[in-house]
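# Structural features, examined
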There are 4 protein chains.
Amino acid sequence: MQVFDLPTAQVYSPEIRFVDIDAAGIVNNATYFNYFEQSRIAFFEPLLGKKWDWNAAGMVVARHEIDYRAPILFNDDVRIVTWIEHIGTKSMTAAYEVYKHWQGTWVLAAQAKTVLVSYNHKEGSPAPWSEEVVEAAKCFGFGRPDF
Amino acid sequence: MQVFDLPTAQVYSPEIRFVDIDAAGIVNNATYFNYFEQSRIAFFEPLLGKKWDWNAAGMVVARHEIDYRAPILFNDDVRIVTWIEHIGTKSMTAAYEVYKHWQGTWVLAAQAKTVLVSYNHKEGSPAPWSEEVVEAAKCFGFGRPDF
Amino acid sequence: MQVFDLPTAQVYSPEIRFVDIDAAGIVNNATYFNYFEQSRIAFFEPLLGKKWDWNAAGMVVARHEIDYRAPILFNDDVRIVTWIEHIGTKSMTAAYEVYKHWQGTWVLAAQAKTVLVSYNHKEGSPAPWSEEVVEAAKCFGFGRPDF
Amino acid sequence: MQVFDLPTAQVYSPEIRFVDIDAAGIVNNATYFNYFEQSRIAFFEPLLGKKWDWNAAGMVVARHEIDYRAPILFNDDVRIVTWIEHIGTKSMTAAYEVYKHWQGTWVLAAQAKTVLVSYNHKEGSPAPWSEEVVEAAKCFGFGRPDF
């Protein structure tokens, strides 16, 4: 686990900005969802390409759940492992584990899941995933990778 | 429901800032958790007083879950109803329903829950809620209010 | 000055969100510009109407300058006075004074100016202000109001 | 200029987060100041060390000015060049040029300056810079580097 021997696309290292820290001196609980947003982009971008239009694509966030285990501080070194739990015709579930380096090891700082829904913005209704998205989601297999 | 005939402390109206809108043209999914943070403060503040030190108090966010039902746009009029589901000795669950005004009525835009844990920052460990917090949590009763 | 005896549109009271506070325990220096953004909207909205499309309108920020005088803390009561310094055919300058309530009086916390440029997004070039915008800018007169 | 042949500490590449984009579809004008905050940290960190306590150090932002030249979009590749204009006993001026890659070249997207003041938080008053800070500020020379 020390090395997170996983494809780059699955291991996102968020920059912890000074402004991400809130009045409690830790990364604000809401900001994790911005890190996850970037994690999903990092996951899909190598497959869909940087020109992929995230709005047109219509990957709408329908649900989040998160369990916080340890706070993240300003200078923490953080890694977020992202994978796809499963994909249906019009939705999929992404999952994340957030690790921080602490006393020479990596400790679990948070675990989370996001349900994404495929949405055709032009028609204003859910729509099946495009083949590209399905291929991208499949790319690393489904479920938590070994690390 | 048109009037949310509830105590002021339970109905928070977030200011939807221009910057809260993201590249998709809607309030970013993470920003809801900042609105909930303010909702909890609005809920407890009349009871605990504006001088209450939220950090010393040690109400730590342990878990969130949210279901998004309808997007929030820049000029939307939004109300968040907050209540306490239940309180234990060292944790409690807050719940929220987010409404937006749309075509003359209020539609449910999101539903969410937060598990809060009592934490003694000096000792670095969970601790029972203070009596003040328990009294405040009890104030409006437990469970979803009628509206 | 205790009362800021000015039209409502010229005195904006930002909500100081918990998340606005940064690792230094004060409102982050960048966040003031979001408050100013809302101040400008509060200034123009009564005149242009809530349906005014800020993007189509093409009020582009070309320049900011700010002097910070006193930090803003989480529970501070803040008022931002906004006025128009002058308006040209394709640009105008807005100015602000930020006050916070402190020890029974209002102290100046910051002073700032913004140069706004009129921009036609369809043509991708600067364009004269619409008459509506000119009327709105003129509404309270030019220069710092007395208070 | 294509290579920004400068020390790493002087060329910061901000991550443009999805949430940094506002309702106008561009990086919000306020967010630049968060990028500058990170630019300053990137500038000083190699010299002062990652354990440097930015709050204790008391580098307080006293003034900003910025001219926006071109908008920054979600997928833009951005570089911020940072230098110290001059340093006094209790203040210093940092300056920045923001570049974005556009049609095979780097275009100037913004120019800005920040006045930083040395502040002793314990005594609640300005104080001379520590020798460490002076050494760090001097490290790359003063004024705009050639590139």
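In this report, the structure presented in the accompanying data block is examined. (Residues numbered from 1 in each chain as written. Chains lettered and ligands numbered in written order. Predicted model: local features only at pLDDT ≥ 70, side-chain atom pairs only at ≥ 80, totals over all residues. Heavy atoms only, no water.)

### Overview of the nonpolar core
Judged by nonpolar contacts, the single largest core of 149 residues is most densely connected at Phe44(B) and Phe44(C). Sequence-distant contacts of Phe44(B), that is, excluding residues within four places in its chain, are made with Gly49(B), Trp54(B), Met59(B), Ile84(B), Met92(B), Val133(B), Ala136(B) and Ala137(B). (Core = buried A, V, L, I, M, F, W, Y, C linked by side-chain atoms within 4.5 Å. Buried < 20%, exposed > 50% of the residue type's maximum accessible area, 1.4 Å probe, protein only. Contact = heavy atoms within 4.5 Å.)

### Comments concerning the relation of the copies chain C and chain D
There are two copies of the chain, and a rotation about an axis plus a shift along that axis relates them. Least-squares fitting of chain C to chain D yields an RMSD of 0.0 Å, with the transformation described by 0.0 Å of translation along the axis and a rotation of 180°. Both copies are brought into coincidence by an operation consistent with a two-fold rotation axis. If distances are taken from each C-alpha of chain C to the rotation axis, the shortest is found for Glu65(C), at 2.1 Å. (Least-squares fit on C-alpha atoms with pLDDT ≥ 70 in both.)

### Observations regarding the interface of chain A and chain B
Listed by partner, the interface residues are 19 residues for chain A and 19 residues for chain B. For the pairing of chain A and chain B, the buried interface totals around 1600 Å² over both sides, and the portion due to carbon and sulfur atoms is 38%. When residues of chain A are sorted by the area they lose upon contact with chain B, Asn29(A), Arg63(A) and His64(A) head the list and together hold 28% of the total. One can count 4 salt bridges joining chain A with chain B. Between Glu65(A) and Arg63(B) there is a salt bridge, with the nearest N and O atoms lying 3.5 Å from each other. On the surface where chain A and chain B come into contact, there are 14 residue pairs in polar contact (both at pLDDT 80 or more). Contributions of two or more residues to the side of chain A that touches chain B are made by helix H1 (31–48) and strand S2 (59–68) of chain A. Among the elements that make up the side of chain A that touches chain B, the one with the highest residue count is S2(A) (8 residues). Where S2(A) meets strand S2 (residues 59–68) of chain B, 5 bridges bridge the pair, whose relative direction is antiparallel. (Buried area = accessible area lost by both parts, 1.4 Å probe. Salt bridge = Lys/Arg side-chain N within 4 Å of Asp/Glu carboxyl O. Polar contact = N/O pair within 3.5 Å; in protein donor to acceptor, adjacent residues only side chain to side chain. Helix = DSSP H or I, 4+ residues; strand = E, 2+ residues; numbered from the N terminus. Pairing = 2+ DSSP bridges.)

### Topic: the relation of the copies chain A and chain B
Between the two copies, chain A and chain B, the superposition gives an RMSD of 0.0 Å; the rotation angle is 180° and the shift along the axis is 0.0 Å. A shared interface surface links the copies, since 100% of the contact residues of chain A are contact residues in chain B too.

### Some thoughts on the interface of chain C and chain D
Each partner contributes to the interface: chain C provides 19 residues, whereas chain D provides 19 residues. Carbon and sulfur atoms supply 38% of the area buried between chain C and chain D, which totals about 1600 Å² over both sides. A per-residue breakdown of the area chain C buries against chain D is headed by Asn29(C), Arg63(C) and His64(C), which together make up 28% of the total. Inspection of the chain C/chain D interface yields 4 salt bridges. Measuring nitrogen to oxygen at the nearest pair gives 2.8 Å for the salt bridge that ties Arg63(D) to Asp67(C). Broken down by secondary-structure element, the contributors of at least two residues to the side of chain C that touches chain D are helix H1 (31–48) and strand S2 (59–68) of chain C. Among the elements that make up the side of chain C that touches chain D, the one with the highest residue count is S2(C) (8 residues). Among the residues forming the side of chain C that touches chain D, the class breakdown is 8 nonpolar, 5 polar and 6 charged. (Nonpolar A, V, L, I, M, F, W, Y, C, P; charged D, E, K, R; others polar.)

### Re the packing of H1(C) against helix H3 (residues 131–138) of chain C
Residue and element names in this part refer to chain C. Interhelical geometry of H1 versus H3 gives an angle of 120° and a closest axis separation of 9 Å. Taken together, the axes of H1 and H3 lie oblique to each other. The two elements H1 and H3 cross, and the hand of that crossing is right-handed. Mapping the contact onto sequence places Phe43, Phe44, Leu47 and Leu48 in H1 and Glu132, Val133, Ala136 and Ala137 in H3. When its residues are assigned to classes, the contact of H1 with H3 shows 7 nonpolar, no polar and 1 charged. (Axes fitted to C-alpha atoms, helices over the stretch in contact; angles between N-to-C directions. Parallel < 35°, antiparallel > 145°, perpendicular 65-115°, else oblique. Left-handed = near helix turned anticlockwise from the far one by under 90°.)

### Observations regarding helix H1 (residues 31–48) of chain D
All names here are of chain D. The first and last C-alpha atoms of H1 sit 25 Å apart over 18 residues, in line with the 26 Å expected at 1.5 Å per residue. Burial of H1 is extensive: 14 of the 18 residues sit out of reach of the surface. Within two residues after H1, glycine 49 carries a phi angle of roughly 95°, on the positive side. (Expected span 1.5 Å × (residues − 1).)

The quantities given are spatial measurements derived from coordinates; they are silent on function.
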